[in-house]
Each structure stands twice: as structure tokens, then as C-alpha cells.
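# Fold and contact review
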Amino acid sequence: MRLFSCDACGNTVHFDNHVCVACNRRIGYVSERSRMTALEPSGDGWMSHASGERFVPCANAEVAACNWLLPADRAGQLCPACRHNRTIPALDGDKTIEAFRRIGAAERHLFYSLLAWNLPAPDKTEDAEAGLAFDFLADDVGSDGVVIPVMTGHAKGVITLAIAETDDAAREERRVRLHEPYRTLLGHFRHEIGHYYWDRLVRDGGRTDAFRALFGDERQHYVEALERNYRDGPPPDWQSRFVSSYAACHPWEDFAETFAHYIHMVDALETAHALGLVVSPRVASPQQLDLEVDFSPYRQKDFSALAAAWPPLTVAVNEINRSLGQRDFYPFVLSQDILSKLEFVHALISSQARRSA
Ligand SMILES: [Zn+2]
Ligand SMILES: [Zn+2]
Ligand SMILES: [Zn+2]
């Protein structure tokens, strides 16, 4: 994620900010231009202080704290991120409103990446078949009082996310129970969108043979594969071939995990780039851990530049986390097999970005 600046006063502002703390103006995100703008009240809506353009807030601004802006003639409409919401939580109390706000923040962060690459993301009203929609669902309680949990997943362009995942304690309990090193709301969005783009860019994009050569044959029985993974655990050598133990259960899950991982990499490298972060360790042979991200990660054509910049950044941030007694920020190791899969995702996204441009 880049840093932004207030176009009224020049102060540094962040993607989720609603107000510039330096000049106290309301600010909003103009997604078509990937910039923040400071606003002045104007008639029924708002006007950019710098350009004079008129904007209205996304219809989710009040309830979901969405800070995205739309052109003034689209009052009452939802922004390019929120318009994909098909089912939202019942907003009947502080807890569910907070849950929806957390979901919205992670969803907008996901769309920041999709828009940066110009990946196609029509909603279901624009394309009933290939469109994308989100259902944010609460767990059900059976007549016997037993909780029937919602399963987070993807089917035919509809991504279901369990609202329970917005609760830190519940999510952490699941992470520990499932032996996962990493579990976040943003991670769920990036994983599930990987399933969506498997349909769009691999299956519909004629890349199935190349996919199978790297990830295996996805025609193996999906439910049986998940059950086998649950019963027997991953294969003993999974770390040399898969980015996570969950990725080992089926080629579709491997692709979704790899896709999510690729977005983690590019977005974190963009943050390092935005901050001008340089890592130059004071050890005997520092070469492999030197970092200077002197390129724009979202537009980088050469995968090897991303792959070379990534380990020094993760080692540096892990070391800082350890010095504060925190878990590793990046609890993963990338083998050559995993890098080849990440390169496949990189090529898919890059060629789609070129086509859309
Ligand atoms: Zn300002
Ligand atoms: Zn919105
Ligand atoms: Zn999945």
C-alpha cells in the first residue's frame, strides 16, 4: 500500500483516513485515480479543495465508515468496492456495525490491489454469470442451541465470509485449532478472490494445462481431498512444495493460497517502496539480505525483482517482531517450487493488466 498526501495541505495521510489531522478537512479516496482528496462542503455534497470537482460519499460512508468518493451525479450509489456486497450483517447493534466496518476496511484494501492491476471485477448486476458478489453471513443457531458455523468460501463468483472472522478472539481460536501460522480478515479476502480469478483467468483464460503442470490436476475429488487433509494432515514434505499446509489439500486451494500470498508480497513491497525502506544488515556477508525497493511493485514486469526483494524485507520485519516478543510477521519459507507457482500468478495478473490497459 502506498502513502498518500492531503492535496490541500500536503500532510501525509493514509488509505483509511477520513480526516486530515493537519488541516482538519474531511478527506476521501478517489479510486479511479488512486488518490486522496481534501473536501469542502458544497451544496448537498462535497467539493475537492484542490480541483473544485464535486463528489458524493459512497452510500456506505455512514454505516460502514467507507471513505471512497463517487462523482457528484452518483449520489446514493455504492463505491467500486462496496457495490459487490450482496448480503451484509444485520446492523442492529454496535457489535455488528463494528464487524461490518472491519469487513469493509479489508474489502477496500483488497479492491485497492485489484484496481491497481485493472483486474476485471464486474458485479452480479453487470454480469450474472462471471460477476463477483460477497455474502457476509452470521453463524446459525440450530433448534437444539448448537451453533452451525458459516463456512468461508467461494462458489460461482459468490464469496461467503463468516462474520465471526471479524472477532479477534474467535479468529485466533480458529487459527490455533487449525494449526495455522497466519489468519487475518484481509488474508481471507485475498484467498477467496484467488478462487474467483482461477475461474476467470485460468479456466476461462485457457491456462488450465499450464496450471496443472505446476499445481496438479484439479479434477481430483475436492471434498475427498479436504477430508483426507483433515484426517491425515498434509504430506510430510509439504513445506518444500506448498506455501501453507492447507495449500497441500487440493490444487484449487494451492492456487488460492498462492494467489493470496502474491498479493501479500506485492502490497508489502509497495509499502517498503513508499517508505523508502532500505535494509543493509551489519553482518559478515550481508549480500542476500540487502533491500532497496527502487521499483513500483504493482507494475513490476520482472518477477525475479519481486522475488529478490522479498526475503530481506521479511527477515528484517521478523527480527523486529522477535525483539518485541511478537510472533513472526512472516511465518513462511519459499522454496523453488513455490516461487514457480508465484511466478505463474504474476504472469497471469501481468498479462491481464496489460490487456485491460
Ligand atoms: Zn490536510
Ligand atoms: Zn464504499
Ligand atoms: Zn479456499
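This text follows the structure it describes.
An account of the accompanying structure is given in this report. Throughout this document, residue positions are counted from 1 along each chain, in the order its sequence is written. To label them, take the chains in the order written and letter them from A, then take the ligands in the order written and number them from 1. pLDDT decides what is reported in this predicted model: residues at 70 or higher carry local features, side-chain atom pairs at 80 or more are listed and counted, and totals for whole chains, interfaces and linings draw on all residues regardless. The side-chain quantities take in all heavy atoms of the structure and omit both hydrogens and water.

Now for the coordination of the zinc ion (ligand 1). A donor here means an N, O or S atom no more than 2.8 Å from the metal, or no more than 3.2 Å when the metal is Na, K or Ca. Since water is not included, a site may seem to lack partners. Those protein atoms acting as donors to the zinc ion (ligand 1) are Cys6 (SG), Cys9 (SG), Cys20 (SG) and Cys23 (SG), and they sit at 2.3 to 2.4 Å. Angular criteria define each label, namely tetrahedral for four donors with all angles between 85 and 135 degrees, square planar for four and octahedral for six donors with opposite donors over 155 degrees apart and remaining angles between 65 and 115, and irregular for whatever fails these tests. Its four donor atoms give the zinc ion (ligand 1) angles of 102 to 116° at the centre, a pattern that matches the tetrahedral case. When the donor residues of the zinc ion (ligand 1) are listed from N- to C-terminus, their spacing reads C-x2-C-x10-C-x2-C.

Once that is clear, we can look at the environment of Leu226. Relative to the elements of secondary structure, Leu226 occurs in helix α6 (residues 222-232). Taking the C-alpha atoms as reference points, Leu226 and Arg177, separated by 49 residues in sequence, lie 16 Å from one another. For this analysis, residues touch if any pair of their heavy atoms sits within 4.5 Å. Setting aside chain neighbours within four positions, we find Leu226 in contact with Tyr246, Cys249 and Glu253. Strands are runs of DSSP state E lasting at least two residues, helices are runs of H or I lasting at least four, and both sets are numbered from the N terminus onward.

This part is about the nonpolar core. Nonpolar cores are built from buried Ala, Val, Leu, Ile, Met, Phe, Trp, Tyr and Cys residues. Side-chain atoms within 4.5 Å join them into one set. The classification of residues rests on relative accessible area computed with a 1.4 Å probe and restricted to protein chains. Under 20% of the type maximum is buried, over 50% is exposed, and intermediate values are partly exposed. Formed by 78 residues in total, the largest nonpolar core has its most connected members in Phe111, Ile193, Tyr197, Phe255, Phe259 and Tyr262. The leading source of residues in this core is helix α8 (residues 251-274), at nine residues. Beyond its immediate chain neighbours, meaning those up to four positions away, Tyr262 contacts Trp117, Phe303, Leu306, Leu342, Val345, His346 and Ile349.

We now examine the sheet that holds strand β13 (residues 158-162). Strand pairing is assigned whenever DSSP identifies at least 2 bridges connecting the two strands. Reading across from one edge, β8-β9-β13-β12 is the order of the four strands in this open sheet, with mixed pairing throughout. Two strands close off the open sheet at either side, each with one partner strand: β8 (85-87) and β12 (153-155). Between one strand axis and the next, the sheet turns through 30° on average, direction left out of account. Comment: axis = line fitted to C-alpha atoms, over the contacting stretch for helices; angle = value between 0 and 180 degrees taken between N-to-C directions.

This part covers the sheet that holds strand β5 (residues 45-48). The sheet built from five strands is open, its strands ordered β3-β4-β5-β6-β7 with antiparallel pairing. Since the sheet does not close on itself, it has two edges, and those belong to β3 (26-30) and β7 (69-71), each with one partner. If you compare each strand with its neighbour and ignore which way they point, the axes differ by 50° on average. By the bridge criterion, three bridges tie strand β6 (residues 54-57) to β7 in an arrangement that is antiparallel. Looking at the pairing, Phe55 lines up with Pro71 of β7.

The next subject is the coordination of the zinc ion (ligand 3). Protein coordination of the zinc ion (ligand 3) is provided by His191 (NE2), His195 (NE2) and Glu253 (OE), with donor distances spanning 2.0 to 2.1 Å. When the donors of the zinc ion (ligand 3) are listed by position in the chain, the intervening gaps give H-x3-H-x57-E. Of this pair, His191 sits in helix α4 (residues 185-203) while Glu253 sits in helix α8; the two residues are 62 residues apart in sequence, bridging distant segments of the chain. Given the relative accessible area of 2%, Glu253 is considered buried.

So, about the side chain of His188. Take His188: it is sitting in helix α4. The exposure class of His188 is buried, given its relative accessible area of 11%. Those residues in contact with His188, other than ones at most four positions away along the chain, are Thr152, Leu161, Glu165 and Arg183.

The buried count for β13 comes to five of five residues, which makes it a mostly enclosed element. Across the two faces of β13 the burial is the same, with Val158, Thr160 and Ala162 and Ile159 and Leu161 all buried. Of the strand pairs in this sheet, strand β9 (residues 133-137) and β13 are connected by five bridges, and their pairing is parallel. Bridging from a neighbouring strand, Leu137 pairs with Ala162 of β13. As judged from the three bridges shared by β12 and β13, these two strands associate in the antiparallel manner. Bridged to His154 within β13 is Ile159. Turn length for the β12-β13 hairpin, with the two strands adjacent in sequence and antiparallel, is two residues, and the turn residue Lys156 shows positive phi of about 50°.

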